[in-house]
Amino acid sequence: MSATPPDVRTAQARAQQARFGQPGVATPPRASERRYAGLVTRALAFAIDGAIVNAAALAVGVVVGLGLSILHLPETADVVIAAILGGLWVLWTVSYFAFFWSTTGQTPGARVMQIRVLDAGERGPLKVRRAILRFAGVILAAIPLLAGFVMMLWDDRGRCLQDRLARTVVVEAAVETAGAAPDRRAL
């Protein structure tokens with residue numbers, strides 16, 4: 001049961017519609033008006049995310065490596081530590097993408113490139129399981145000489161293999177107009 005009476009919700013909806021009609025305020029696009037992200041935009045966003053993920057992993061690796069250089073451990077311990085760090089890197093990478101795709105629909109790279117991952121119904125961010133499935137699809141798309149990514153060039157909604165597996169689309173994010181003050185009368 002909602003705490004807001006129906007007449008107040010209707011007034012709020014009318015106020016929001018009136019505010020979006022004002023100059024200088026971005027109108028959220030309808031699903032039919034959305035533009036799907038292109039191959040280059042998506043590749044640049046992924047490159048930015050890859051740089052972030054690997055920079056963080058490199059920083060951790062350097063700190064652990066310097067710490068271990070002080071200790072004189074047997075060679076077998078070094079191999080075990082390297083295997084553990086490799087596993088943590090994989091976990092960190094999957095967690096990075098799954099977290100951002102399931103919370104805001106935008107990784108930092110996608111935010112820079114102004115794109116967003118939505119479920120196929122374009123209702124919002126993904127559930128965690130679908131975000132992990134989408135990441136697995138990214139790996140599968142890269143295996144056959146990146147053919148899983150190139151297939152988006154022939155899809156009317158620009159979907160790659162990972163988008164088809166996880167039932168997602170990548171759209172251009174609505175850009176909010178900076179400095180636009182809300183209409184105080186409508187609130």
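Conventions and cut-offs
- Residues numbered from 1 in each chain as written.
- Predicted model: local features only at pLDDT ≥ 70, side-chain atom pairs only at ≥ 80, totals over all residues.
- Heavy atoms only, no water.
- Helix = DSSP H or I, 4+ residues; strand = E, 2+ residues; numbered from the N terminus.
- Contact = heavy atoms within 4.5 Å.
- Phe/Tyr/Trp six-rings, centres within 6.5 Å; stacked < 30°, edge-to-face > 60°.
- Buried < 20%, exposed > 50% of the residue type's maximum accessible area, 1.4 Å probe, protein only.
- Axes fitted to C-alpha atoms, helices over the stretch in contact; angles between N-to-C directions.
- Parallel < 35°, antiparallel > 145°, perpendicular 65-115°, else oblique.
- Left-handed = near helix turned anticlockwise from the far one by under 90°.
- Nonpolar A, V, L, I, M, F, W, Y, C, P; charged D, E, K, R; others polar.

Novice: I tried to follow the side chain of Arg 134 on my own but got confused; where do I start?
Specialist: Relative to the elements of secondary structure, Arg 134 occurs in helix 5 (residues 128-142). Apart from the residues within four sequence positions on either side, Arg 134 is in contact with Arg 42, Trp 101, Val 117, Leu 126, Gln 162, Asp 163, Ala 166, Thr 168 and Val 170.

Novice: Explain the packing of aromatic side chains to me, please; I cannot follow it from the model alone.
Specialist: Between two aromatic rings, the relevant description is the distance of the centres plus the angle of the planes. The final tally for this structure, using the stated rule, is 7 aromatic pairs. Between the aromatic rings of Tyr 96 and Phe 100, the centroid separation amounts to 5.1 Å while the plane-to-plane angle is 70°, which identifies the pairing as edge-to-face. Remark: Phe 100 and Tyr 96 occur in helix 3 (residues 75-103); sequence separation between them is 4 residues, near one turn of the helix. With relative accessibility at 5%, the residue Tyr 96 sits in the buried group.

Novice: Is there a simple way to explain the packing of helix 2 (residues 39-70) against helix 3 in this structure?
Specialist: The relative placement of two packed helices comes down to the angle between their axes together with the axis-to-axis distance. The N-to-C vectors of helix 2 and helix 3 enclose an angle of 150°; their axes lie 11 Å apart at closest approach. Comparing their axes, helix 3 and helix 2 come out roughly antiparallel. Note on packing geometry: the crossing formed by helix 2 with helix 3 is right-handed. Together, Phe 46, Asp 49, Ile 52, Val 53, Asn 54, Ala 56, Ala 57, Val 64 and Leu 68 of helix 2 and Ile 81, Leu 85, Trp 89, Trp 92, Thr 93, Tyr 96 and Phe 97 of helix 3 make up the contact between the two elements. Looking at the contact of helix 2 with helix 3 residue by residue, the classes come out as 13 nonpolar, 2 polar and 1 charged.

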